[in-house]
Amino acid sequence: MRGDHNGLGRDLPDTPMPSPPRGLVIIGVLVLLGAVMLLTMFYTVEADEVAVVQRFGKYVRQEEPGLHSKLPFGLETMRKVPVRRVSKEEFGFRTEEPGVRTRFSQRSFLDESLMLTGDLNMAEVTWIVQYRIIDPVKYRFGNRNPSLALSDVAQIVMRSAIGDHTVTEVLRRAEIVYQVQVKMQELLNLYETGLRVETVKLQSVAPPSDEVKRAFNEVQ
């Protein structure tokens, strides 16, 4: 504080702010560490999931639904995998808004749907694959990208099956679907994806253009 106008005041030395007692600092640090430990130690697994736990990046165990604990501070990490959830992959089309009036994407997916039949006819095939995770460990560590593997396998197997049949035979969907599902599962097991194919559904099999469609219908 500087002196006043009457000259009675005098300069006072700067006084440092008092530091908190050392004991309070230690208690604060311990409380913070305890909070972090609790936040990183306990977790809940939902009814349709399992948790895959890793310690220092290495798989150690699998936990079922419920409340569980793990080593805190990132020593153990966990990843939840929805093993009881059925997922769907669409080929040749995409659903943008499901419901009573389902809205589909207007984009063209001919790179997926356009195929050559065994009698050298072109067909536009759209289909759905429903699947779920049955081995969460293989799903996490057996294959780098199980979803991409499923997509590639589905397209390869479907093209192979369509190419082995005539257009007329392709219309007998049940036989084609069974062959595709069996072969897909063999390859998914080989690539250790941890996935199981639940169903394969052919949505439509049609010639790729109106002109070819008219000719196709006349032959039929």
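Bear in mind that the values here come from a model prediction, so they are computed numbers and not experimental data.

Brief notes about the sheet that holds strand β2 (residues 50-55)
Strands in a sheet are paired, the pairing made by backbone hydrogen bonds, and the direction either parallel or antiparallel.
Next, step 1: With antiparallel pairing, 3 strands are arranged side by side in an open sheet as β3-β2-β5. Whereas interior strands pair on both sides, the edge strands pair on one side only; in this sheet they are β3 (58-63) and β5 (76-81). Each neighbouring strand pair of the sheet contributes to a mean axis angle of 25°, computed without reference to strand direction.
Next, step 2: Alignment of β2 against β5, held across 6 bridges, turns out to be antiparallel. For Val50, the partnering residue across the bridge sits in β5 and is Val81.

As for the nonpolar core
The nonpolar side chains of soluble globular proteins are, as a tendency, buried together.
Next, step 1: Judged by nonpolar contacts, the single largest core of 31 residues is most densely connected at Trp127, Val129, Met158, Met184 and Val200.
Next, step 2: For this core, the secondary structure elements donating two or more residues are β2, β10 (122-133), α4 (146-163), α6 (173-190) and β11 (195-206).

Quick word on the pairing of β10
Next, step 1: Across 5 bridges, the pairing between strand β6 (residues 87-91) and β10 is antiparallel. Across the sheet, Lys88 pairs through a bridge with Gln130, a residue of β10.
Next, step 2: Relative to β10, strand β9 (residues 114-116) runs antiparallel, the two being bridged by 3 bridges. Bridge pairing links Leu114 to Glu124 in β10.
Next, step 3: Hairpin connection between β9 and β10: a loop of 5 residues separates the two successive antiparallel strands, and Leu120 in this loop has a positive phi of roughly 65°.

Considering α4
Next, step 1: With 18 residues, α4 should cover 26 Å at 1.5 Å per step; its first-to-last C-alpha distance of 26 Å lies within 8% of that length.
Next, step 2: If you check which residues of α4 are buried, you get Pro146, Ala149, Leu150, Ser151, Val153, Ala154, Gln155, Val157, Met158, Ala161 and Ile162.

Cut-offs applied
- Residues numbered from 1 in each chain as written.
- Predicted model: local features only at pLDDT ≥ 70, side-chain atom pairs only at ≥ 80, totals over all residues.
- Heavy atoms only, no water.
- Pairing = 2+ DSSP bridges.
- Helix = DSSP H or I, 4+ residues; strand = E, 2+ residues; numbered from the N terminus.
- Axes fitted to C-alpha atoms, helices over the stretch in contact; angles between N-to-C directions.
- Core = buried A, V, L, I, M, F, W, Y, C linked by side-chain atoms within 4.5 Å.
- Buried < 20%, exposed > 50% of the residue type's maximum accessible area, 1.4 Å probe, protein only.
- Expected span 1.5 Å × (residues − 1).

Any functional reading would require information that these geometric values do not contain.
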